[in-house]
There are 2 protein chains.
Amino acid sequence: MTSVTEATPGSNAQRERRRRILDATIALADSGGFDAVQMRAVADNADVALGTLYRYFPSKIHLLVTALGRQFERAEEQSRNRQVPGDTAHERVMYILGHTTTALQQQPELTEALTRAFMFADASVADEIHFVGMKLTAMITRAIDGTDENREPTDEDTAIVRVISDVWFTALMGWVTGRTQAEDVTKSVDVAVRLLLR
Amino acid sequence: MTSVTEATPGSNAQRERRRRILDATIALADSGGFDAVQMRAVADNADVALGTLYRYFPSKIHLLVTALGRQFERAEEQSRNRQVPGDTAHERVMYILGHTTTALQQQPELTEALTRAFMFADASVADEIHFVGMKLTAMITRAIDGTDENREPTDEDTAIVRVISDVWFTALMGWVTGRTQAEDVTKSVDVAVRLLLR
DNA sequence: TCCAAATCTAGAACGTGTTTCAATAATCAT
DNA sequence: ATGATTATTGAAACACGTTCTAGATTTGGA
């Protein structure tokens, strides 16, 4: 037992298993998307039994949405440490979302897997979904507020952020399902942001 | 062979089979949602062989999205024949979407099945998806324009309609997946419409 | 009317998410 | 250290979407 324990519950071995499972999930998703994340393959690659995998994550959706949360946590962390460039709220929001969209589109298979899982998710995954929503909201809100670090977001800000998130998500969904082009995602968001932040 | 043939291709018997399949689909979806629409059950209830079902609809998703199209066609037809009440664009859009939302929420299982299918749909269902999008766009656009029947929608109108559709869809998705309350759907849309139509 | 092509049927079979179970291993309180 | 509890393993089994096959049936043209 090392003294350095993370906030995650369970023994060392359990935290290790959990990490291996999520790593295997991301690796498989990155290589072949949603369909490649097969529970038997995840279990094999993570060196755990299938039953153990299900003890840690009650379904494929939980697994993927949790992985999505981990990715968003990192993205939000990164964005938190840097000043968002841009003179207007519009520019700043587009910087963040354009950036994030491009990053996601660099790993199309992974993005497809995670987005599809997000779409599938039902009430039993509400916590994980909420977590992801919070991270996204935080990023966009920070972009709207800009340099004014201490500005308390107004109700209107919050409402605008929600609408932008919805548009972004729907556009992303169109792209991962192969119904729209990569550029269309950023375009859709840009139109929405223009309508909302004026 | 009767003389009255619909626009649907194929022989009489084939049109009958197709109708039986879609009817069985709606009935099963209405009774138990997405999970109850099992391909074997649909085939049984429609009195066709499983192979035949797959000849008519290449996947469960095609089947459900086609059924969704039929439902939306009817809804749009109904709304087309009536004047939309309300003095402002906001009131009229909310009337239409509030109405439609309430109608969908009367049949939660059916709505869950159709919405989930819509979410799943990939490029191979693009035509059916597009059809549904057109119907929805038509309804909302008519509501924005109000009594001015001949007004040509501006680019801005079109953009606004897209954003509203996205918000509505995302909210509906939250509800069918059991993550939000029924009222939240209309509330979300109302906030978005207020931000966009001012 | 008859033949060839297309369609339909019944049912088996396959893949993958999920569940279950008996046996083994690890952990923890006393 | 020991016994009890809990976690893990390996493997079988199940459910449902989907595919495949062999034989009937229907259809449409000569």
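The rules we used
- Residues numbered from 1 in each chain as written.
- Chains lettered and ligands numbered in written order.
- Predicted model: local features only at pLDDT ≥ 70, side-chain atom pairs only at ≥ 80, totals over all residues.
- Heavy atoms only, no water.
- Contact = heavy atoms within 4.5 Å.
- Buried area = accessible area lost by both parts, 1.4 Å probe.
- Salt bridge = Lys/Arg side-chain N within 4 Å of Asp/Glu carboxyl O.
- Helix = DSSP H or I, 4+ residues; strand = E, 2+ residues; numbered from the N terminus.
- Nonpolar A, V, L, I, M, F, W, Y, C, P; charged D, E, K, R; others polar.
- pLDDT = per-residue confidence, 0-100.
- Least-squares fit on C-alpha atoms with pLDDT ≥ 70 in both.
- Expected span 1.5 Å × (residues − 1).
- Bend = angle between axes of the 7 residues up to and from the residue.
- Buried < 20%, exposed > 50% of the residue type's maximum accessible area, 1.4 Å probe, protein only.
- Near = heavy atom within 4 Å.
- Polar contact = N/O pair within 3.5 Å; in protein donor to acceptor, adjacent residues only side chain to side chain.
- 1 Å grid on protein atoms, 1.4 Å probe; cavity = no way out; pocket = protein on both sides within 12 Å on 5 of 7 lines; lining within 4 Å.
- Points joined across faces, edges and corners; volume = space filled by probe spheres on them.

Residue-level contacts link 29 residues of chain B with 29 residues of chain A. In total, about 2400 Å² of surface goes out of reach between chain B and chain A, with carbon and sulfur atoms giving 60% of it. Joining chain B to chain A, the criterion identifies 2 salt bridges. The partner of Arg198(A) in a salt bridge is Glu156(B), with the nearest N and O atoms 3.5 Å apart. Per element, the largest residue contribution to the side of chain B that touches chain A is 10 residues, and it comes from helix H8 (residues 155–176) of chain B. When grouped by side-chain class, the residues that make up the side of chain B that touches chain A number 17 nonpolar, 4 polar and 8 charged.

All names here are of chain A. The predicted model of chain A averages 91 in pLDDT, with 94% of residues at 70 or higher. Across chain A, the element-wise mean pLDDT spans from 90 in helix H4 (residues 60–80) up to 98 in helix H2 (residues 39–46). Low pLDDT, under 50, characterises residues 1–7; the stretch is placed with 4 contacts to residues that sit more than four places away or in other chains.

Turning our attention to the relation of the copies chain B and chain A. Once chain B is rotated about the relating axis by 180° and shifted along it by 0.0 Å, it coincides with chain A to within an RMSD of 0.1 Å. What we have between these two chains is a two-fold relation.

Residues and elements named next belong to chain B. With 25 residues, helix H1 (residues 12–36) should reach 36 Å at 1.5 Å per residue; the first-to-last C-alpha distance of 29 Å falls well below that figure. Of all the bends found along H1, the most pronounced is centred on Asp 30 and spans about 95°. Buried residues belonging to H1 abut helix H2 (39–46), helix H3 (50–56), helix H4 (60–80) and helix H6 (108–120).

Glancing now at helix H6 (residues 108–120) of chain A. When the terminal C-alpha atoms of H6(A) are compared, their 18 Å separation across 13 residues agrees well with the 18 Å that a helix rising 1.5 Å per residue should span. Among all positions of H6(A), only Leu110(A), Thr111(A), Glu112(A), Ala113(A), Leu114(A), Thr115(A), Arg116(A), Ala117(A), Phe118(A), Met119(A) and Phe120(A) are buried.

Topologically, Thr66(A) is positioned in helix H4. With residues near it in sequence (within four places) discarded, Thr66(A) still touches Arg18(A), Leu22(A), Phe57(A) and Glu128(A).

So, on to the protein's contact with DNA strand D. Lining the immediate surroundings of DNA strand D are 17 residues, of which Arg17(A), Thr52(A), Tyr56(A), Arg40(B) and Lys60(B) lie closest. At 3.4 Å from a phosphate oxygen of DNA strand D is found a main-chain nitrogen or oxygen belonging to Val37(B). The side chain of Tyr54(B) places a nitrogen or oxygen atom 3.0 Å from a phosphate oxygen of DNA strand D. Its residues assigned to classes, the surface near DNA strand D shows 7 nonpolar, 4 polar and 6 charged.

Next up on the list: empty space enclosed by the protein. Here the structure, examined in full by the defined rule, presents 1 cavity of 30 Å³ or more. Together, Arg116(A), Met119(A), Phe120(A), Met119(B) and Phe120(B) line the largest cavity. Broken down by secondary-structure element, the contributors of at least two residues to the lining of the largest cavity are H6 of chain A together with H6 of chain B. Here the lining of the largest cavity takes 3 residues from H6(A), the largest share from any one element. Here the lining of the largest cavity is composed, by residue class, of 4 nonpolar, no polar and 1 charged.

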